Amino acid sequence: MSVPSMTLFHNPASPFVRKVRVLLAETGQQDRVALQGCMPTPVQPDAQLVHDNPVGKIPALRLADGTVLHDSRVILDYLDYQHVGNPLIPRDGSARWRRLTLASMADGMMDAAVLVRYETALRPPEKHWDQWLEEQRNKIRRTLVELESDAIAELASHFDIASISVACALGYLDFRHPDLQWRDANPKLAAWCAEVSQRPSMLQTQPPV
Ligand code: 99T
């Protein structure tokens, strides 16, 4: 076991942080990172985090030399260069752009799902903007439909940046938005999710119950 040389600002509820932790586990780098808990929200920034990341979002990763990396996409890219196994982000060719685009679809679902969470959990009910909420949910629904119809075989082919990102997005929907019942319209995605959720990296990083 090595002494951690990096610090990850994290919260177990965050699907963006979970992507980082899954990649660390999948590439055998968990021991290199110490976890520093924080719970920033758009209305309650974390002072220490804001010092390191002016945008005030997690994940942020402080390296041994004090450099701070963010956001999750940058951190994943960095960490994927820090191990000797097969890269989890293809380095070039069409695979790179396709896998990153699938990952971006997952990030888009996470963004929409987190915004819905903030609107419903942090804003007084009388101020909720129903049309805005519904269109955020529609972003998620449309993306799920495309993954279900076009991307299952690609996701199932290997567990990399694309699969990690989609798995973490689906885990977040289960955690914060079970009311969306995303499995009903997406049975192939549901079956794939059930399988990859059993990976040690996914089990170790499950959001709190
Ligand atoms: O918006 C804020 O001020 C604080 N929010 C965050 O730090 C969220 C935590 S998820 N992180 C992001 O939105 C990161 C997005 C960025 N593009 C990335 O890293 O990829 C918390 C979810 C929850 O508590 O339910």
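My aim in this report is to walk through the structure given alongside it, one point at a time. Everything numeric in this text was worked out from a predicted model, so none of it was measured. (Residues numbered from 1 in each chain as written. Predicted model: local features only at pLDDT ≥ 70, side-chain atom pairs only at ≥ 80, totals over all residues. Heavy atoms only, no water.)

Moving on: the sheet that holds strand β2 (residues 33–37). With mixed pairing, the four strands of this open sheet are ordered in space as β2-β1-β3-β4. Each having just a single partner strand, β2 and β4 (68–69) make up the two edges of the open sheet. Pairing of strand β1 (residues 6–10) with β2 involves five bridges; the strand directions are parallel. Within the sheet, the bridge partner assigned to Leu8 lies in β2 and is Leu35. The strands touched by helix α1 (residues 15–26) are β1 and β2; relative to β1, the strand with the most contacts, the crossing angle is about 145°. Each of β1, β3 (60–62) and β4 touches helix α3 (residues 72–80); the most contacted strand, β3, lies at about 45° to it. (Pairing = 2+ DSSP bridges. Helix = DSSP H or I, 4+ residues; strand = E, 2+ residues; numbered from the N terminus. Contact = heavy atoms within 4.5 Å. Axes fitted to C-alpha atoms, helices over the stretch in contact; angles between N-to-C directions.)

On to the packing of aromatic side chains. The geometry of an aromatic ring pair comes down to the distance between the two centres and the angle between the two planes. Tallied over the full model, the rule gives one aromatic pair. Above the ring of Tyr81, the side-chain terminus of Arg91 is found at 3.8 Å from the ring centroid. (Phe/Tyr/Trp six-rings, centres within 6.5 Å; stacked < 30°, edge-to-face > 60°. Lys NZ or Arg CZ within 6 Å of the ring centre and 35° of its normal.)

Within the structure shown, the criterion is met by twelve salt bridges. For the salt bridge of Arg123 with Glu119, the shortest nitrogen-to-oxygen distance reads 3.4 Å. Judged by relative accessible area, Glu119 falls into the buried class, the value being 9%. Residues joined in a network through salt bridges with shared partners are Lys19, Asp71, Arg73 and Asp107. (Salt bridge = Lys/Arg side-chain N within 4 Å of Asp/Glu carboxyl O. Buried < 20%, exposed > 50% of the residue type's maximum accessible area, 1.4 Å probe, protein only.)

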